[in-house]
Amino acid sequence: AAGSNPQSPGFTEKLKSWLYWSWTYICTLWFAMVLTMVYVLRSPLKLQETVNAASVFLNTLTPKFYVALTGTSSLISGLILIFEWWYFRKYGTSFIEQVSVSHLRPLLGGVENSSSAGLFSSVNGDTEPRTNVAECKVWRNPLNLFRGAEYSRYTWVTGKEPLTYYDMNLSAQDHQTFFLGDTQQLRPEDSVMQKAWRERNPQARIRAAYQAIELNRECAAAYVLLAEEEATTITEAERLFKQALKSGMKLSGKDTNLVVYIKRRLAMCARKLGRIKEAVKMMRDLMKEFPLLGMLNIHENLLEALLELQAYADVQAVLAKYDDISLPKSATICYTSALLKARAVSDKFSPEAASRRGLSTAEMNAVEAIHRAVEFNPHVPKYLLEMKSLILPPEHILKRGDSEAVAYAFFHLQHWKRAEGALNLLHCTWEGTFHEVSVYPKKELPFFILFTAGLCSFCAMLAMLTHQFPELMGVFVKAVSICTPHRTQKCVGFFVVVFLAFLSSLCALIIYFFFV
């Protein structure tokens, strides 16, 4: 029985993949069967009489009906387009895409990304630490800012939200998985917090946290939420995190994840408040106490703090442990390694001198390290060289993507500037070796938004011309349909208008395929 267990999941996955693959052919077969049945039952269904009745009905329609139909279809398409554009600008994603992914994909057999569960389950040692690395596309930013004390400052100044709804939704999923654990044994305050993480309104989340504290004064997750979102200063956030740690230490079992999260955020508070040595000690203790936390990338927090202390020997020791081929790479690891090697030669580096005498061994090692880093993430140099403006880093990043480059440069640009000549060496190496790279996500509009807008405008213009110049449009229609029998001209015109309306609406529905 034990030997058959590994085979069972494989057979199930093969069966599922075969069903997904055959779905298209099953739909085609079903459509062919429907057509065959309609053809066989054409006499009992009285299809000929139905077609004749429809022809009589269509012959009685006036041009005003076609004008109204065309105008209505263009109006609906325009409203869909405007709403989709507004939702995309406000939340950074398509509304139709959100509905499709959340509600339609499970019905069609889609599988949700379980990267967060695999990421956090290793804390208690229940699974292997690198179980779902290949499936993990989006990673939590290990240096993410505090919403209340840092992100909110941007909102106060500009009136704009620094985080997308998609990013905050991922964080809500992380918090529910990380803090609530087994949903079969939820306490009353846990049920309140489960709803609190899903709230889109920050004030609603804060009210729910206070409600959970009223149910249980030792609800650590509620204090975490208040520290993240209500605290307007790092000092206040640190005070709330200490209260959360005090409450969390009284619990055991599933709340180990919560304690780990709180200790990490306390270390980040100490780092931001200038107590860097204390922050380094807290991070080292956390990594020593929970050695399976490699997937949470606490070593990236440690590297940044050590660079601030200019403890380059300690940075090299951390890199030697985590810059391993069996571990997932990151921009922090690759570019920090390049920084250390560039720092050793950058103060005396000159492109003219190097072209005359050639590169020394140390310079060659530095250039190769920069090559390795740029090959891993080619978006970082533009931010380090300040060729692109920095923005606030997101709470989640895409490995080797533009979001990871923003997150790295936001915290590490100061360390590159501190090493004299390091940015010059990076610029020379990058400019002389690597070509222009695309930035993800693309900023230009998807093709089908432009196509739908054009089609909607064309339908509206056609309706307006038909209404204003009916005789001229009648001449145009007669010229186009000169070869069409007189009796079927209205039918053809009707089906053309219906087809245009259907195509316009269909284009609006498939916009979401091009939003990502």
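Residues numbered from 1 in each chain as written. Predicted model: local features only at pLDDT ≥ 70, side-chain atom pairs only at ≥ 80, totals over all residues. Heavy atoms only, no water.

What to know about the overall build of the protein chain
- Of the regular secondary structure elements, the protein chain holds 24 helices and two strands.
- A total of 516 residues make up the protein chain; the buried ones form 41% of that total.
- Considering only intrachain contacts with a sequence separation of at least 6, the fraction spanning at least 24 residues in the protein chain is 69%.
- Carbon and sulfur atoms make up 63% of the accessible area of the protein chain, which totals about 29400 Å². (Helix = DSSP H or I, 4+ residues; strand = E, 2+ residues; numbered from the N terminus. Buried < 20%, exposed > 50% of the residue type's maximum accessible area, 1.4 Å probe, protein only. Contact = heavy atoms within 4.5 Å. Areas by Shrake-Rupley, 256 points an atom, 1.4 Å probe, with all protein chains shown as cover.)

Considerations on unusual backbone geometry
- A positive phi angle, close to 60 degrees, is found at Glu-386, a residue other than glycine.
- Inspection of the secondary structure puts Glu-386 in the loop between helix H19 (380–384) and strand E2 (396–398).
- Unusually for a residue other than glycine, Arg-400 sits at a positive phi of about 70 degrees.
- Assignment of secondary structure puts Arg-400 in the loop between E2 and helix H20 (402–418).

Quick notes on the nonpolar core
- Within the largest apolar cluster, 92 residues are counted, with the highest numbers of intra-cluster contacts made by Met-193, Phe-241, Tyr-335, Leu-384 and Trp-416.
- Sorting elements by how many residues they give to this core places helix H12 (residues 256–272) first, with nine residues.
- Discounting residues that sit within four places of it in the chain, Met-193 has contacts with Ala-209, Ala-212, Cys-219, Ala-221, Ala-222 and Leu-225.
- Grouped together as the second largest cluster of nonpolar side chains are five residues, Leu-143, Leu-145, Tyr-151 and Phe-411 included. (Core = buried A, V, L, I, M, F, W, Y, C linked by side-chain atoms within 4.5 Å.)

Considerations on the UniProt feature "transmembrane region" (unreviewed entry) in the protein chain
- The UniProt entry lists residues 20–41, 65–88, 445–465 and 491–515 under the feature "transmembrane region" (unreviewed entry), expressed in the numbering used here.
- Helix makes up 100% of residues 65–88 and strand makes up 0%, while its end C-alpha atoms are separated by 34 Å. (UniProt positions renumbered as here; feature names shortened; annotations may be inferred.)

Details of H20
- Over its 17 residues, H20 extends 24 Å from the first C-alpha to the last, a length consistent with the 24 Å expected when each residue adds 1.5 Å.
- Of all the bends in H20, the largest measures some 55 degrees and sits at His-412.
- Along H20, 12 of the 17 residues are buried, which leaves the element largely enclosed by surrounding structure.
- Residues of H20 that are buried: Asp-402, Glu-404, Ala-405, Val-406, Ala-407, Tyr-408, Ala-409, Phe-411, His-412, Leu-413, His-415 and Trp-416. (Expected span 1.5 Å × (residues − 1). Bend = angle between axes of the 7 residues up to and from the residue.)

A short note on a nonpolar patch on the surface
- Together, Val-34, Val-38 and Leu-47 make up a nonpolar patch on the protein surface, roughly 180 Å² of accessible area in all.
- Note that Leu-47 resides in helix H2 (residues 47–59). (Patch = residues over 30% accessible without salt bridge, like charges linked within 9 Å, V, L, I, M, F, W, Y side chains within 5 Å. Salt bridge = Lys/Arg side-chain N within 4 Å of Asp/Glu carboxyl O.)

A look at the packing of aromatic side chains
- For the structure shown, the criterion picks out four aromatic pairs.
- Taken together, a centroid distance of 5.0 Å and an interplanar angle of 75 degrees make the contact between Phe-410 and Phe-411 edge-to-face.
- Using a relative accessible area of 31% as the deciding quantity, one classes Phe-410 as partly exposed.
- Looking at Phe-411, the relative accessible area reads 12%, which means it is buried.
- Between the NZ or CZ atom of Arg-265 and the centre of the ring of Phe-146, over which it lies, the distance is 4.0 Å.
- Lys-399 extends its terminal NZ or CZ atom over the ring of Trp-139, reaching a point 3.8 Å from the ring centre. (Phe/Tyr/Trp six-rings, centres within 6.5 Å; stacked < 30°, edge-to-face > 60°. Lys NZ or Arg CZ within 6 Å of the ring centre and 35° of its normal.)

Here's the deal with helix H9 (residues 202–215)
- The end-to-end C-alpha distance of H9 is 20 Å, a good match for the 20 Å that 14 residues give at a rise of 1.5 Å each.
- Considered for burial, the residues of H9 that qualify are Ala-204, Arg-205, Ile-206, Ala-208, Ala-209, Ala-212 and Ile-213.
- Tucked into the core, H9 has its buried residues touching helix H6 (147–158), helix H8 (188–198) and helix H10 (220–230).
- The backbone nitrogen of Gln-203 lies 2.9 Å from a side-chain oxygen of the residue at the head of H9, namely Asn-201. (Polar contact = N/O pair within 3.5 Å; in protein donor to acceptor, adjacent residues only side chain to side chain.)

A short note on the side chain of Asn-141
- Summarising the element assignment, Asn-141 is placed in the loop between strand E1 (138–140) and H6.
- Separated by 3.0 Å, the side chain of Asn-141 and the backbone oxygen of Pro-394 make a polar contact.
- Contact partners of Asn-141, with chain neighbours within four places excluded, come to Pro-393, Pro-394, Glu-395, His-396, Ile-397 and Ala-407.

A word on the environment of Gly-358
- You can see Gly-358 is positioned in the loop between helix H17 (351–357) and helix H18 (361–376).
- Once residues lying within four places of it in the same chain are set aside, the contact partners of Gly-358 are Ala-353 and Glu-363.

Observations concerning the environment of Ala-220
- Inspection of the secondary structure puts Ala-220 in helix H10.
- Sequence separation of Ala-220 and Asp-255 is 35 residues, and the distance between their C-alpha atoms is 9.1 Å.

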